[in-house]
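Structural overview
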Amino acid sequence: MTTQMWGGRFSEGPDRILWDFTVDHSDRRLLADDLTGSLAHVAMLGEAGLLSDEEAGTLAGGLQEIATEAKQGTFRFLDSDEDVHSAVERRLGELVGEVAGKLHTGRSRNDQVALDLRLYLLRSGRARITALREFCLTMLEAAEEAGETVVAGYTHLQQAQAVPLAHHLLAYVSTALRDIERFEDLAGRMDLSPLGAGALGGSSLPLDADRSAELLGMSGRFVNSMDAVAARDHVSEYAFACTQALVHLSRLATECVLWTTTEFGWATFGDALTTGSSAMPHKKNPDIAELTRGRAATAIGHLTGLMALQKGLPMTYNRDLQEDKAALFAVDDALAGALEAMTALIGSAEFHPPPPDPAVTALDLAEALVERGVPFREAHRAVGALLVELAAGGKTLPEATIADLVKIDPRFEPADLSLTDPAGSVRRRRSTGGAGFASVREQLRILKHHLG
């Protein structure tokens, strides 16, 4: 097949060394996309008069038969197939004979693979959006079930302010919605057909690139034929969208690991979604979360590789670009797997967080002074001094008396003693988008509406 594709320029077939080094079968997952592109190309060739009606019908029928084989899982790749394109053309020849050689009329593997990748990314992107939405809905359900449970919110991994557990969980819904937006946004840039660009400079044949795009259901076609076959920024952009989503999942994964420790004790995950230890009978490990972190790290490496792959390439196509598929598919698969696994893990969670340290209400005391006209920096120092004084006397904030408060600052009032309850702190929170119960209810309403 390869010698047929390369034509009469070569007197003998490829050496084993060349074959083993240059052939990469990772593009086999592009089979459905290659068939979609070929069917549109055949239809355009028929309409342009470059194929007779009979030839176009024969080729389309053969391609449809291959598509059926692909769907049923009976299509067989051979070791002698250099890539997915040659596999399709080889099988088409087996089905329809010599007319299969006309499939490649007006087309190069350069614009062919460029199209296959765009179709794959559009198809795969839709699947990632669906999975991200499922993740969001699971997080929303967990947030609703959390009700008015109050936990500590952290900065620097130190308890900072009291927040509803629901508010904490909904933060990850906000990040996932931006991930969805990234996939939706880049789809517009990928939805352009490169068919008709040929090897790099177009063709003297009367091809109709606009019609090819229309037959593919794409929003338009390339503007510059050299860019059409050389560009891979849509690949690295897609890989970035995947990697950023994995980084977001990795942050949640780290919290899942922390939450299930004895020290935190926030959550328990289902037995079916955790693992044990070969040595210690009591262990219950959140391996899904740990592997999600690991795969985010690997994805960052693949993304860096994709960027480096493009940086030194002259126009137009260079064989270096063959390496983009393995990296792209690895990142895409990592996100697909992590979304499924993390969605299931959160769905199995039982939350039972301990109450936060009452010191998380320190800001409430400072703001009480601010409402009486005290400059914030002065109020901040006063509450800090109060905490030091209480600690020296072996007291916690809820154990403070009004005498303790006015000793530090006479502008404190007896009513301020009620400000040291974490749940009360959350009830008083009233800033838009903040961690008050009313705000969380509004977030739930908005997010549920947004997700349909």
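Everything in this summary refers to the structure shown in the same document. (Residues numbered from 1 in each chain as written. Predicted model: local features only at pLDDT ≥ 70, side-chain atom pairs only at ≥ 80, totals over all residues. Heavy atoms only, no water.)

This part is about the overall build of the protein chain. The secondary structure content of the protein chain amounts to 17 helices and 6 strands. Its C-alpha atoms give the protein chain a radius of gyration of 30 Å, more than 25% over the compact-globule value 22 Å for 452 residues. For the protein chain, the spread of C-alpha atoms along the three principal axes comes to 100 × 55 × 40 Å. A buried classification covers 46% of the 452 residues belonging to the protein chain. Sequence separation of at least 24 residues holds for 76% of the intrachain contacts in the protein chain that already meet a minimum separation of 6. Taking the average location of the 43 positive side-chain charges in the protein chain and that of its 63 negative ones, the two points are 4 Å from each other. (Helix = DSSP H or I, 4+ residues; strand = E, 2+ residues; numbered from the N terminus. Rg over C-alpha atoms; globule rule 2.2 N^0.38 Å. Buried < 20%, exposed > 50% of the residue type's maximum accessible area, 1.4 Å probe, protein only. Contact = heavy atoms within 4.5 Å. Lys, Arg positive; Asp, Glu negative; His and termini not counted. Charge placed at Lys NZ, Arg CZ, Asp CG, Glu CD.)

Our focus in this paragraph is the layout of surface pockets. In this structure, the largest pocket encloses a volume near 390 Å³. What lines the largest pocket is a set of 16 residues, and nearest its centre among them are Asp364, Glu367, Glu371, Arg428 and Arg430. Of all the elements in the fold, those that place two or more residues in the lining of the largest pocket are helix H13 (362–370) and helix H16 (422–428). Top element by residues in the lining of the largest pocket is H13. It accounts for 4 residues. One number sums up the size of the second largest pocket: a volume of about 300 Å³. Secondary structure elements with two or more residues in the lining of the second largest pocket: helix H7 (165–190) and helix H10 (233–259). (1 Å grid on protein atoms, 1.4 Å probe; cavity = no way out; pocket = protein on both sides within 12 Å on 5 of 7 lines; lining within 4 Å. Points joined across faces, edges and corners; volume = space filled by probe spheres on them.)

On to H13, then. Three- or four-residue spacings in an α-helix give side chains the same orientation, since the helix completes a turn every 3.6 residues. Among all positions of H13, only Ala362, Asp364, Leu365, Ala366, Ala368 and Leu369 are buried. In the core, the buried residues of H13 are packed alongside helix H14 (376–392), helix H15 (402–408) and H16.

The next subject is the packing of helix H6 (residues 109–146) against H10. Contact geometry of H6 with H10 gives a least axis separation of 11 Å together with a crossing angle of 20°. Classed by the angle they form, the pair H6 and H10 counts as roughly parallel. Crossing geometry of H6 relative to H10 is assigned as left-handed. Listed contacts from H10 to Leu117, Arg118, Leu121, Ser124, Gly125, Arg128, Phe135 and Met139 of H6 are His234, Val235, Tyr238, Leu249 and Leu252. Here the residues of the contact of H6 with H10 sort into 8 nonpolar, 3 polar and 2 charged. (Axes fitted to C-alpha atoms, helices over the stretch in contact; angles between N-to-C directions. Parallel < 35°, antiparallel > 145°, perpendicular 65-115°, else oblique. Left-handed = near helix turned anticlockwise from the far one by under 90°. Nonpolar A, V, L, I, M, F, W, Y, C, P; charged D, E, K, R; others polar.)

A word on the packing of helix H3 (residues 31–47) against helix H4 (residues 53–72). Two elements in contact, H3 and H4, have axes whose closest approach is 10 Å; the angle formed by their N-to-C orientations is 170°. The angle between H3 and H4 falls in the class roughly antiparallel. Along this stretch, H3 crosses H4, giving a crossing that reads as left-handed. In this structure, H3 contributes Leu31, Leu35, Ser38, Leu39, Val42 and Gly46 to the contact, and H4 contributes Ala56, Leu59, Ala60, Leu63, Gln64, Ile66, Ala67 and Ala70. In terms of residue class, the contact of H3 with H4 is made up of 11 nonpolar, 3 polar and no charged.

The linkage connecting Met315 with the following residue, Thr316, adopts the cis geometry, with an omega of 5°. Of note, Thr316 is situated in the loop between helix H11 (287–311) and helix H12 (324–347). Positive phi is not limited to glycine here, since His156 has a value of about 55°. The topology assignment puts His156 in the loop between strand S1 (150–155) and strand S2 (158–164).

Within the secondary structure, Lys325 sits in helix H12. Classification of Lys325 as buried rests on a relative accessible area of 7%. Here Asp324 takes part through its side chain, which lies 3.4 Å from a polar atom of the side chain of Lys325. With near-sequence residues (within four places) excluded, Lys325 lies in contact with Ser26, Asp27, Leu30, Val113 and Leu117. (Polar contact = N/O pair within 3.5 Å; in protein donor to acceptor, adjacent residues only side chain to side chain.)

Turning to the nonpolar core, a few remarks are in order. Counting 92 residues, the largest nonpolar core has Leu252 and Cys256 as the members making the most contacts within it. Among the elements that make up this core, the one with the highest residue count is H6 (15 residues). If sequence neighbours within four positions are ignored, Cys256 has contacts with Phe269, Ala289, Met342, Leu345 and Ile346. Ranked by size, the runner-up nonpolar core spans 16 residues in total, among them Ala366, Ala379, Leu386 and Leu390. (Core = buried A, V, L, I, M, F, W, Y, C linked by side-chain atoms within 4.5 Å.)

All right, on to the pairing of S1 then. Both S1 and S2 contribute to a ladder of 6 bridges, which runs antiparallel. Within the sheet, the bridge partner assigned to Ala152 lies in S2 and is Ala162. Linking S1 back to S2 in an antiparallel pair, the connection comprises 2 residues, with His156 at a positive phi of about 55°. (Pairing = 2+ DSSP bridges.)

The final tally for this structure, using the stated rule, is 8 aromatic pairs. An aromatic cluster is present here, built from Tyr154, Trp259, Phe264, Trp266 and Phe351 joined pairwise through their rings. Here Arg29 stacks its cationic end above the ring of Phe329, 4.4 Å away from the centre of that ring. Arg221 extends its terminal NZ or CZ atom over the ring of Phe222, reaching a point 5.9 Å from the ring centre. (Phe/Tyr/Trp six-rings, centres within 6.5 Å; stacked < 30°, edge-to-face > 60°. Lys NZ or Arg CZ within 6 Å of the ring centre and 35° of its normal.)

So, on to the pattern of salt bridges. Across all of its chains, the model carries 32 salt bridges by this definition. Two residues, Glu144 and Lys448, come together in a salt bridge whose shortest N-O distance is 2.8 Å. On the criterion of sequence distance, the pair formed by Glu144 in helix H6 and Lys448 in helix H17 (residues 437–451) is long-range, its members being 304 residues apart. One salt bridge in this structure joins Asp210 and Arg221, with 3.0 Å as the shortest N-O distance. With Asp210 in helix H8 (residues 209–216) and Arg221 in strand S4 (residues 220–221), this residue pair connects regions lying 11 residues apart in the sequence. For Asp210, a relative accessible area of 44% gives the class partly exposed. Judged by its relative accessible area of 34%, Arg221 falls in the partly exposed class. Connected via shared salt-bridge partners are Glu69, Asp81, Arg90, Arg91 and Glu94. (Salt bridge = Lys/Arg side-chain N within 4 Å of Asp/Glu carboxyl O.)

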